[in-house]
Amino acid sequence: MNSVTLNLKGASRSILIAEETGRLSEKEEPNHILRCIGCGREFDPEEVIYTCSSCGDLLTIEYLDISVEEIKESWQTRPISVWRYRELLPILDSTEPVSLGEGGTGLHKCRRLEDHLGLSDIYVKNEGENPTGSFKDRGMTVGVTRALELKMSYVACASTGNTAASLSAYAARSGIRSVILIPAGKVALGKLVQSVAHGAKVIQIRGNFDEALNLIREVCRRERIYLLNSLNPYRLEGQKTLAFELRDQLSPDPPENVIVPVGNAGNISAIWKGFCELKTLGMIEETPRMIGVQAEGAAPIAHAIEENSDVIKPVKNPETVATAIRIGSPVNWKKALRAVRDSGGMVETVSDEEILEAQKLLARYEGIFVEPASAASIAGLKKIVSNGLLDRDERTVCITTGHGLKDPQVILNNFPKPIIVDADIESVKHAIESVDSTIILPV
Ligand SMILES: Cc1ncc(COP(=O)(O)O)c(C=O)c1O
Ligand SMILES: [Zn+2]
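Residues numbered from 1 in each chain as written. Chains lettered and ligands numbered in written order. Predicted model: local features only at pLDDT ≥ 70, side-chain atom pairs only at ≥ 80, totals over all residues. Heavy atoms only, no water.

### Re the side chain of N162
Okay, step 1: Here N162 is to be found in helix 4 (residues 162-174).
Okay, step 2: Given a relative accessible area of 5%, N162 falls into the buried group.
Okay, step 3: A polar side-chain atom of N162 sits 2.8 Å from a polar atom in the side chain of K406.
Okay, step 4: Aside from chain neighbours lying at most four places away, what touches N162 is S134, K136, K191, A324, E371 and K406. (Helix = DSSP H or I, 4+ residues; strand = E, 2+ residues; numbered from the N terminus. Buried < 20%, exposed > 50% of the residue type's maximum accessible area, 1.4 Å probe, protein only. Polar contact = N/O pair within 3.5 Å; in protein donor to acceptor, adjacent residues only side chain to side chain. Contact = heavy atoms within 4.5 Å.)

Written out as C-alpha cells, the structure is:
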C-alpha cells in the first residue's frame, strides 16, 4: 500500500499581495500543506505546529502542483545531495538553504561481508559520511532552513547525541541560537563535544531521553523556540532524500530490502515516505521492504509488530550499549508501524553483544567504522539471514546511521587495547609475531 499524497497538477505557486506602499508584489506560495495522519485535518504551513491540534496525532507533509517531467529534468542537473530533490522539499524556491553539503553519502558494495554471510547483493549506505557524521544532517539542513523562513531566533531539541550535534552545527551556520537537552552521562563523548564546540546551550538532565523530549516539547510550546526533533515533519522531509539517493545510486534496480536502526522511529518513517513518493511519481516500480532493527533493551516497536498490536507499550527504562537508540517511547511509532506493515517488512531485535560483533565485522571486513546504533543494521541483517528470512540474491541496503568516531569509549571498552613494548627491535618484532586472537581472519 502507498501512503503518500502528491498533487500532480500544474498551477502557479505565486500570488499577488498588496504591499504597505499600495503597490502589488508577488509572494511565493508554499508548495505543501500539513496533514494529520490520525484524523486527516489539514493545516496551513504558515502555522508553527508539530502535532494535530484536534486529535494530537503526528503530522505529515503533502505536496501541491508537482510536475514529474520538471522534477526529472531538474534533478539531473544537480549533484547527488539533499538539495538535488528540492522540488520535493517543503522550502520556498526563493529561500537559500542552510547547508554544509549534506547527503550524497557513499553506497558501498560489501563483497567481503557478502561472502561471510553467504549473500550476493549487499550494500551499506554510510550516513556517517554526512558533515556532522550522521544522517541527522539531512533533516537539519531542511529543519533549520525552515526555522529561518519562520524567522525563529532559537532552535531546540532533546537528543541521544547526534540530533544535538547536527542541530548545533546547522544553527551555528545560520546564526540561530540552539538549546539542547540530553540525558546526563548517556551521550557518547564525540557527540557531546560537537555540540559544545558549535556553541549550543547544552543542558544535561537527570533523566532519560524520553523525559528530555517531553520537557523540551513543553519549553517549545511555551516559548518562541523552534523544536527540531523528528516529531517535526519538516525534518523528516530532509531525511526521506535517502530513499531518492538510493534510487539514483542503484538505478535501474532499486533495493528490495532497506534495513534501518530504529530509535525514535523518524528515519524509517521518512525513508518509507520517500519511496512511496517515488512510486506515486512513477519513478520506481516497486517499493522495498522496510526492515527496522531495535536493541533488545529498547524494542517497543519490535514487540508491537510481534504481538500484531496497533499500539506500542513504552519501555520504562530502556538500556543498550547503542546509546543513540536507547529510546523507550518512540514518538514516531505510528508512522513506523505503518511503514513496516505497508512495505511488507519486519522489525528485528538484536542484543548488545550482536551489535558490538557487527560493529567489529564491518570495521574489519569492509573498512567502514560506524557507531554501535548503526551496526544494529548489520546485526539485524545477520539475524534475518540466519532465520531464513532473506534470499541469497535479494538486493539489500543496510543504513549505517552514524560514524564510529562518535563513540570512542565503546571501542576502548570492548576491543583489544593497543600493546606497549620497549623501544627496541626485538620487542617490536616479537609484538608483530604475537597472534591477536580477537582479530577476525579474512574469509
Ligand atoms: C546513529 C543513530 N542511529 C539511529 C538512530 C535512530 O533514528 P530514529 O530516532 O529516527 O529512529 C539515531 C537517533 O538518534 C542515531 O543517532
Ligand atoms: Zn488529527
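### Considerations on the coordination of the zinc ion (ligand 2)
Okay, step 1: For the zinc ion (ligand 2), the protein coordination sphere consists of C36 (SG), C39 (SG), C52 (SG) and C55 (SG), at 2.3 Å.
Okay, step 2: For the zinc ion (ligand 2), the four donor atoms are set out with angles of 97 to 119° between them, so the coordination reads as tetrahedral.
Okay, step 3: Here the donor residues of the zinc ion (ligand 2) are spaced in sequence according to C-x2-C-x12-C-x2-C. Residue C39 is located in the loop between strand 3 (32-36) and strand 4 (42-43), and its partner C55 is located in the loop between strand 4 and strand 5 (59-63); the two are separated by 16 residues in the primary sequence.
Okay, step 4: The class for C55 is partly exposed, based on a relative accessible area of 42%. (Donors = N, O, S within 2.8 Å, 3.2 Å for Na, K, Ca; no water. Tetrahedral: all angles 85-135°; square planar, octahedral: opposite > 155°, others 65-115°.)

### A closer look at the packing of aromatic side chains
One pair of aromatic rings is described through two measures. These are the centre distance and the angle between the planes.
Okay, step 1: One pass over the structure, following the stated rule, counts four aromatic pairs.
Okay, step 2: Aromatic pair Y50 and Y226: ring centres 5.9 Å apart, planes at 40°, arrangement tilted. Remark: Y226 occurs in strand 11 (residues 226-227) and Y50 occurs in the loop between strand 4 and strand 5; sequence separation between them is 176 residues.
Okay, step 3: Judged by its relative accessible area of 14%, Y50 is buried. (Phe/Tyr/Trp six-rings, centres within 6.5 Å; stacked < 30°, edge-to-face > 60°.)

### As for the site of ligand 1
Okay, step 1: Of all residues adjacent to ligand 1, which total 16 residues, the nearest are K136, N162, N264, A265 and T401.
Okay, step 2: The backbone of G263 places a nitrogen or oxygen atom 2.8 Å from an oxygen atom of ligand 1.
Okay, step 3: N267 places a polar main-chain atom, nitrogen or oxygen, 2.8 Å from an oxygen atom of ligand 1.
Okay, step 4: Its free accessible area being 390 Å², ligand 1 has 98% of it covered by the protein chains.
Okay, step 5: For the shell around ligand 1, the per-class residue count stands at six nonpolar, eight polar and two charged. (Near = heavy atom within 4 Å. Areas by Shrake-Rupley, 256 points an atom, 1.4 Å probe, with all protein chains shown as cover. Nonpolar A, V, L, I, M, F, W, Y, C, P; charged D, E, K, R; others polar.)

### Some words on the packing of helix 3 (residues 136-149) against helix 4
Okay, step 1: Helix 4 packs onto helix 3 with a crossing angle of 40° between their chain directions and a minimal axis gap of 9 Å. It follows from the interaxial angle that helix 3 and helix 4 lie oblique. Handedness of the helix 3/helix 4 crossing: right-handed. Facing K136, D137, M140, T141, V144 and L148 of helix 3, the residues of helix 4 in contact are N162, T163, S166, L167, Y170, A171 and S174.
Okay, step 2: Across the contact of helix 3 with helix 4, the residue classes tally to six nonpolar, five polar and two charged. (Axes fitted to C-alpha atoms, helices over the stretch in contact; angles between N-to-C directions. Parallel < 35°, antiparallel > 145°, perpendicular 65-115°, else oblique. Left-handed = near helix turned anticlockwise from the far one by under 90°.)

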